[in-house]
There are 2 protein chains.
Amino acid sequence: MSSAQSPKQESDTRSRILDSAWKLLAGKGAGAVRMSDIAKQTGISRQAVYLHFPSRAELLVATTRHIDQVKNVDERLAASRSARSGIERLDAYIAAWGNYIPEIHGVARALIALQDQDEDARAAWTDRMNAVRHGCAAAVAALSRDNQLSAELSEREATDLLCSLLSVESWEQLRQLCGWSQARYVELMQRTARRALLR
Amino acid sequence: MSSAQSPKQESDTRSRILDSAWKLLAGKGAGAVRMSDIAKQTGISRQAVYLHFPSRAELLVATTRHIDQVKNVDERLAASRSARSGIERLDAYIAAWGNYIPEIHGVARALIALQDQDEDARAAWTDRMNAVRHGCAAAVAALSRDNQLSAELSEREATDLLCSLLSVESWEQLRQLCGWSQARYVELMQRTARRALLR
DNA sequence: TGTTCACTTGACACTGTGTAAAGTTGACAC
DNA sequence: GTGTCAACTTTACACAGTGTCAAGTGAACA
């Protein structure tokens, strides 16, 4: 997601603020994290945070992009393209995304909660969803080339299905509720996708 | 969910407050709905709302239970038990729940957003998730009795799968994002479940 | 007629966001 | 050394929203 980053590199403090936000959001959840918490965690004053971000909403949106960048999501997802067969590529894509989910879960929830109030957050979330959709479309297209797709499934339907499998929010909640391990969770997603897509 | 309701019937005003909350949450999303909005919508003063509910969080939690009751979810879901075959029962269960999702979506989102801050909201959400899980388990058990389940799928795995299919939050977001109609969405869920569960 | 209940009005304490203004500190330029 | 610039600090405040409190109203009912 968001391969586009600002040309000049992020200032040290800005970056530290984003790291703090990330850490706190993962630990306490968006509703419980205040601007003052983030400032304290960073070791600066609350007002200093506003020197770098105009609002809480923009800070949270920036945090998701920051994590994407730090964790090299684009590279991770791109790696799935080197798989030999279509099915391996599908598995690799799901694994790359599935293993990334826990890292962004806290922030993703923040983004979802913000949607009612903030236009940017709404756009950021829709972008994420669409990025996953497009990634899925590419993986499914590779599968299609291998002719392993059952005839009655159009690519679009397959993409929709995969997309639903990969949507962040409820999967991670379910994972926690059901007590699945991360590995089991990824395996479950892969098996589900295979079952859905292959005859 | 929550077949248990308080013995004495809900006061008229209390019920009207809950209806207002429901309407507003569906329209604007939890983050944008204030206590004063709910009061105004109901035609009473803000303070009067606090005569019926001790806090915003408890009001929102009560709203989910109210919708469940008004919309007769328990009955709707129970109706699926009268289906003849296991597969029909599965379809009926999914349709009952799937058609209910849009009605509670706004409130469900509110509940999710509240989780970080409020213990009751957390419990209410977990209850919902578990109720769906148990409903799924029953539907899958019926399928199992029909011996239509593929051998390698344990009931537990099947339940997990179905559960993931039925989780409210991301499905409804996806439905909107992808522009699926309600009917197409339910059909998609049913087909996905069948593919996952049957060989 | 008096009491009670549901509600109203107005005031206020508290928390959190965001803004504004003036002061500090360190680095770097000359 | 002196000046200056940027990043940050402290203090203060405006504003919105939640939740509380106290006194008052008005209709129903005994």
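Structure's up top.
Everything numeric here is computed off the predicted structure, so don't read it as measured data. (Residues numbered from 1 in each chain as written. Chains lettered and ligands numbered in written order. Predicted model: local features only at pLDDT ≥ 70, side-chain atom pairs only at ≥ 80, totals over all residues. Heavy atoms only, no water.)

S.K.: Got a minute to help me understand the protein's contact with DNA strand C in this structure?
M.R.: The environment of DNA strand C is made up of 15 residues, and the closest members are Arg46(A), Arg56(A), Thr13(B), Ser45(B) and His52(B). Within 4 Å of the protein, atoms of DNA strand C come from sugar and phosphate in 56% of cases. Within the side chain of Tyr50(A), one N or O atom sits 3.1 Å away from a phosphate oxygen of DNA strand C. Gln47(B) is positioned with one of its side-chain polar atoms (N or O) 3.2 Å from a base oxygen of DNA strand C. When residues in the surface near DNA strand C are grouped by element, the largest group, four residues, is from helix H3 (residues 46-52) of chain B. Tallied by class, residues from the surface near DNA strand C come to six nonpolar, six polar and three charged. (Near = heavy atom within 4 Å. Polar contact = N/O pair within 3.5 Å; in protein donor to acceptor, adjacent residues only side chain to side chain. Helix = DSSP H or I, 4+ residues; strand = E, 2+ residues; numbered from the N terminus. Nonpolar A, V, L, I, M, F, W, Y, C, P; charged D, E, K, R; others polar.)

S.K.: Explain helix H6 (residues 86-114) of chain A here, please?
M.R.: Each α-helix turn comprises 3.6 residues. Residues three or four places apart therefore point the same way. Of all the bends in H6(A), the largest measures some 65 degrees and sits at Ile104(A). Buried residues dominate H6(A), accounting for 23 of its 29 residues. (Bend = angle between axes of the 7 residues up to and from the residue. Buried < 20%, exposed > 50% of the residue type's maximum accessible area, 1.4 Å probe, protein only.)

S.K.: Whenever I open this one, the packing of aromatic side chains confuses me. Can you help?
M.R.: Geometrically, a pair of aromatic rings is defined through the distance of the ring centres and the angle of the planes. All names here are of chain A. All told, the structure shown has two aromatic pairs over all chains when counted by the stated rule. Ring geometry for Trp97 versus Tyr100: centroids 5.8 Å apart, planes at 55 degrees, classification tilted. Taken as a pair, Trp97 and Tyr100 lie in helix H6 at a separation of three residues, close to a single helical turn. By the burial criterion, Trp97 is buried, and Tyr100 matches it. (Phe/Tyr/Trp six-rings, centres within 6.5 Å; stacked < 30°, edge-to-face > 60°.)

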